[in-house]
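Structural overview for review
Each chain, letter by letter, is given below.
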Amino acid sequence: MTTKTTVVGQRVTRVDAWEKTTGRARYTADINLPGMLHAKIKRSPHAHARVLRLDTHLAEQLPGVKAVLTCFNVPRKLHAGQPEPRASSLVPDQYILTDTPCFRGDGVAVVAAISEEVAEDALGLIDVEYEVFPAVFDAEEALRDGAPSVHGTERNLVMPPAIIASGNVEAGFAEADFIFEGRYSTSRHIPAFLEPYVCICRPESDGNLTVWSSTQAPFMVRGSLSEVLGIPMSNIRVLSEHMGGGFGAKQDLYQLEYLTVLLARQTMRPVKMEFTRAETFIAGRSRHPVVIELKQGVKRDGTLTARKARYISNSGAYGSHGPGVTWVGSSMLGSLHKCPNVYIEGLCVYTNAPIAGAFRGYGAPQAYFALETQMDEIAEALQIDPIELRLKNLFQVGDIGPAGTPFESVELGECLRRGAERIGWKNRRPVGSSPGTLKRGIGFACQLHSATAFPDTKEVASALVVANEDGTIQLRIGAADLGTGAKTVIAQIAAEELGVRYEDVRVVAGDTDSVPYDLGAYASRTTFIVGGAAQRAAASAKAQVFALAAQKLSVDASELEALAGLIWVKDAPERKTTFQELLTPVRNEKIPIIIGQGEFSPKNDYSFAAQFAEVEVDAETGLTRVLKLIAVHDIGKAINPASAEGQVEGGLHQGLGYALMEDMVVDPISGRTLNPNFVDYKLFTAEDMPEMQVDFIESGDKVGPFGAKGVAEDSVCPTAPAILNAIYNATGVRVRELPASAEKILAGLEFNQKEVRP
Ligand code: SMO
């Protein structure tokens, strides 16, 4: 439900605008401490092997080397004595350092030295002898009988298959007039944040540890350090100040957190480890490469009767977020359009490739690439307008969403109508009819996304609002700000609810010693759920301030209103006071203490979007230029439209790369990552970006703060299928394998030509 607001809905200046634009904002890598050591990991050159012998002798003798740890002397068990390693955020299958490397780049030893250069030199002096094992890099191959076993699980599965089922698919196919089948596969897309993984640990004089980490989830890092290393939680403080992006991948651990702590405790000096760009590629997390076999049954009029699919996800060497991503991806694959009979099987498979993990969209971009491509194929075959096909199978409020909870608001139809209007859908040319060499076409795709995690996360966020004695406000929230502007948006929510000026709210975040617990800044949750907690904390603080005002003005608190720090009696505005006046200490009077506490534990809520693309494909080279991207998002309410637009534009940029270009290539023989740098892994630059139009449907929602739903992940989800559908419209070439490179399009054009001229 939307209400009239004065701070919410405004394009206020970000809380960190000045420090960021002047370059003064301190990121983790900017921190340099006296006596600080630098650490580097020795990584396996084999994709699958066992360490037979490891000699650190020479490395230890190198001047400047202060500590060397290996897979044979780092902790391998939980402190409580359980045999399970748990040096990762989700699947307990990874050691801090391993004697059986499972991908080319797995860590076997670590060095701390007086400089990065000395540490690097020392790595070269560590002599390791390996027994090399057969390796497998492709998920479908890994599933086959006789495939090399990565962790000894059945069929190399990370978890039992995820099954999403409703109705009766066989009956649904029997009812269908037509059946469509296709196979769709996606690339190894990487988050490409500018700030690499970096962590610093400083041992404090009181025995405590201060850890600076570029993480989306400071409490997760604290919890895992405590659990794996057996250090009481209260002895660890994790700080995540400014971050240069996370995109989901920084809600995991990268061994450097444990290693900096171990090395700092051993040397009693601060230790920093910063991954190189190459390490950030190789030992970071990518989007899961997924193969989707999709079969759908439809009536002649376009009504879906059945959907059956397999979602095969390549997790790489470890599980990481694979199970969650596979569940979410499979659930999304069973959703988006109303279909009464669904059966989806999601397989998450170990291979000896680099590790895949959480990355903006969390399994959904792969699912929507398959679904929205096939919907385009169905529309064409049935000669139905693709927009009509979506509208015919549209969810309604109250239908059950992929997370098992009902939709509270659904504006996808309106997203489609507005997007169609803006792109000029009614002038769309028939497929492949664009004259000349430069072929133009338009296309679109839809998405829905859940703001919070599922299936088995019970979501909660908390916040504290503390009033300063001049009437200004401290807002303490557990979530870190990845750079998205979360702190700004949450401050707006608190200011609006309290009735104070936005400038008078100071946000404290990303410090486990100063803020209440939070699960982390992941999914599309921060505005929705942390905002909800902040709103509740603000409401509680406001009630306390109003009690003081009611006493002072001799009215009932229900008669009061507040705005911009002023408080007045509704029907008699001349009877007024201010936050400042109420909270400023008066001699011989008790100083008022105002602390508002809030928590929010909502069920899942869903946002929707339709994105439209106009492309121009050069029929001689196969090269695609995207001319225009139009993104219409149903986000309930834009708390800060500038910030929400920024989120969507960033998502379009990532989606554009996913569609046309980005792919981290792993050599299928050696498992070597071939392009771990920004020269060979190409990203579109700001200059390359097409015209972007971002439009929001703000019809409100019952659950989130001031009607807001999520926006963060949504924007990357439909971009690739929208662009590839436009490429099809322009050329008649259907690319079912991401990215849609010039080579693939050219091959398609040549194939089509042979087809028509035998
Ligand atoms: S991919 Mo995310 O931060 O759940």
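Summary of the structure given here. (Residues numbered from 1 in each chain as written. Predicted model: local features only at pLDDT ≥ 70, side-chain atom pairs only at ≥ 80, totals over all residues. Heavy atoms only, no water.)

**Quick look at the pattern of salt bridges**
Filter applied, for reference: Just to be clear on terms, a salt bridge is a Lys or Arg side-chain nitrogen sitting within 4 Å of an Asp or Glu carboxyl oxygen. The helix and strand labels rest on DSSP assignments: H or I over at least four residues marks a helix, E over at least two residues marks a strand, and numbering proceeds from the N terminus. When a residue's accessible area, from a 1.4 Å probe over protein chains only, is under 20% of the maximum for its type it is buried; when over 50% it is exposed; and in between it is partly exposed.
This model, assessed by the stated rule, comprises 38 salt bridges. The partner of Glu-241 in a salt bridge is Arg-26, and the shortest N-O contact between them spans 3.1 Å. Placement of Glu-241 in the loop between strand E10 (236-239) and helix H7 (256-267) and of Arg-26 in the loop between helix H1 (17-21) and strand E1 (37-43) is noted, with a sequence separation of 215 residues between them. Take Glu-241: its relative accessible area is 27%, and that puts it in the partly exposed class. By relative accessible area, Arg-26 is classed as partly exposed at 38%. Its salt-bridge partner being Arg-237, residue Asp-513 comes within 3.9 Å of it at the nearest N-O pair.

**Regarding the sheet that holds strand E20 (residues 566-569)**
Sheet strands associate in pairs through backbone hydrogen bonding, adopting either a parallel or an antiparallel arrangement. We count it as follows: Strands are labelled as partners when DSSP assigns at least two bridges between them. Angles run from 0 to 180 degrees between N-to-C directions of axes, and those axes are lines fitted to C-alpha atoms, restricted for helices to the stretch in contact. Throughout, a residue-residue contact means that at least one pair of heavy atoms, one from each residue, lies within 4.5 Å.
Strand order in the open sheet made by the three strands is E19-E20-E21, with antiparallel pairing throughout. Edge strands, defined here as strands with exactly one partner in the open sheet, are strand E19 (560-563) and strand E21 (572-578). In this sheet, neighbouring strand axes are inclined to one another by 30° on average, regardless of whether the strands run parallel or antiparallel. Helix H14 (residues 526-553) contacts E19, E20 and E21 of the sheet and is inclined by roughly 120° relative to E19.

**Topic: the state of the cysteines**
Which entries qualify depends on this criterion: In plain terms, two cysteine sulfur atoms within 2.5 Å form what is called a disulfide here.
Enumeration over the complete set of coordinates arrives at zero disulfides. The cysteine Cys-71 is free of any disulfide, with Cys-102 supplying the nearest cysteine sulfur at 12 Å. Overall, the relative accessible area of 2% leaves Cys-71 in the buried class. Between Cys-446, a cysteine without a disulfide, and Cys-415, which holds the nearest cysteine sulfur, the sulfur-to-sulfur distance is 8.2 Å.

**Regarding the packing of helix H10 (residues 364-382) against helix H17 (residues 719-731)**
The criterion, for reference: Should an angle fall under 35 degrees it is called roughly parallel, over 145 degrees roughly antiparallel, and 65 to 115 degrees roughly perpendicular, with every other angle called oblique. Throughout, a crossing is termed right-handed when the near helix is turned clockwise from the far one, and left-handed when it is turned anticlockwise from it by less than a right angle. Polar here means any residue other than Ala, Val, Leu, Ile, Met, Phe, Trp, Tyr, Cys and Pro, which are nonpolar, and Asp, Glu, Lys and Arg, which are charged; Gly is therefore polar.
Between H10 and H17, whose axes approach to 9 Å, the crossing angle comes to 30°. Relative to H17, the element H10 is oriented roughly parallel. Taken as a pair, H10 and H17 cross one another with a handedness that is right-handed. Counting all contacts with H10, which are made through Tyr-368, Phe-369, Glu-372, Thr-373, Asp-376 and Glu-380, the residues of H17 involved are Pro-721, Leu-724, Asn-725 and Tyr-728. In terms of residue class, the contact of H10 with H17 is built from five nonpolar, two polar and three charged.

**Focus on helix H6 (residues 218-229)**
Helical geometry: 3.6 residues make up each α-helical turn, so side chains three or four residues apart lie on a common side. Stated formally: The span you would expect from a helix comes to 1.5 Å times its residue count less one.
Taking 1.5 Å per residue as the helical rise, H6 with its twelve residues ought to reach 16 Å, and the 16 Å between its terminal C-alpha atoms agrees with that figure. Within H6, ten of the twelve residues are buried, which leaves the element mostly enclosed by the surrounding structure. Among all positions in H6, only Pro-218, Phe-219, Val-221, Arg-222, Gly-223, Ser-224, Leu-225, Ser-226, Val-228 and Leu-229 are buried. Contacts made by the buried residues of H6 are with strand E9 (209-213), E10 and H7.

**Side note on the packing of aromatic side chains**
Spelled out, the test is: Each pair of aromatic rings taken from Phe, Tyr and Trp, with Trp reduced to its six-membered ring, is defined by centres within 6.5 Å and is described as stacked if the planes are under 30 degrees apart, edge-to-face if over 60, and tilted in the remaining cases. Either the NZ atom of lysine or the CZ atom of arginine qualifies as a charge over a ring when it sits within 6 Å of the ring centre and within 35 degrees of the ring normal.
Using the criterion set out here, one finds 16 aromatic pairs in the structure. With centroids separated by 6.5 Å and ring planes inclined at 10°, the aromatic side chains of Phe-193 and Phe-247 adopt a geometry described as stacked. Of this pair, Phe-193 sits in the loop between strand E7 (178-185) and strand E8 (198-203) while Phe-247 sits in the loop between E10 and H7, placing them 54 residues apart in sequence. Residue Phe-193 is classed as buried on the basis of its relative accessible area of 2%. Between Tyr-197 and Phe-275, the aromatic rings sit 5.8 Å apart at their centres with planes inclined by 70°, giving edge-to-face as the arrangement. Of the two residues, Tyr-197 sits in the loop between E7 and E8 while Phe-275 sits in the loop between strand E11 (271-274) and helix H8 (277-282), which places them 78 residues apart along the sequence. Accessibility expressed as a relative area gives 3% for Phe-275, which makes it buried. Put simply, the rings of Phe-193, Tyr-197, Phe-247, Tyr-254 and Phe-275 touch in pairs and so form one group of aromatic residues. One Lys or Arg, Lys-250, reaches over the ring of Phe-193 and ends 4.2 Å from the middle of that ring. Against the face of Tyr-658 rests Arg-287, its NZ or CZ located 5.2 Å from the ring centre.

**Quick notes on the side chain of Thr-624**
Inspection of the secondary structure assignment puts Thr-624 in strand E24 (residues 624-634). When neighbours within four sequence positions are excluded, Thr-624 is seen to be in contact with Val-615, Glu-616, Val-617, Leu-660, Ile-727 and Ile-745.

**Quick notes on the nonpolar core**
Quick note on the threshold: Residues grouped as a nonpolar core are buried Ala, Val, Leu, Ile, Met, Phe, Trp, Tyr and Cys residues, joined through side-chain atoms within 4.5 Å.
Leu-412, Leu-448, Phe-612, Leu-660, Ile-723, Leu-724 and Ile-727 are the most contacted members of the largest nonpolar core, which has 92 residues in total. At ten residues, H10 tops the list of elements feeding residues into this core. Apart from the residues within four sequence positions on either side, Ile-727 is in contact with Val-615, Val-617, Thr-624, Leu-660, Gly-732, Val-733, Ala-740 and Ile-745.

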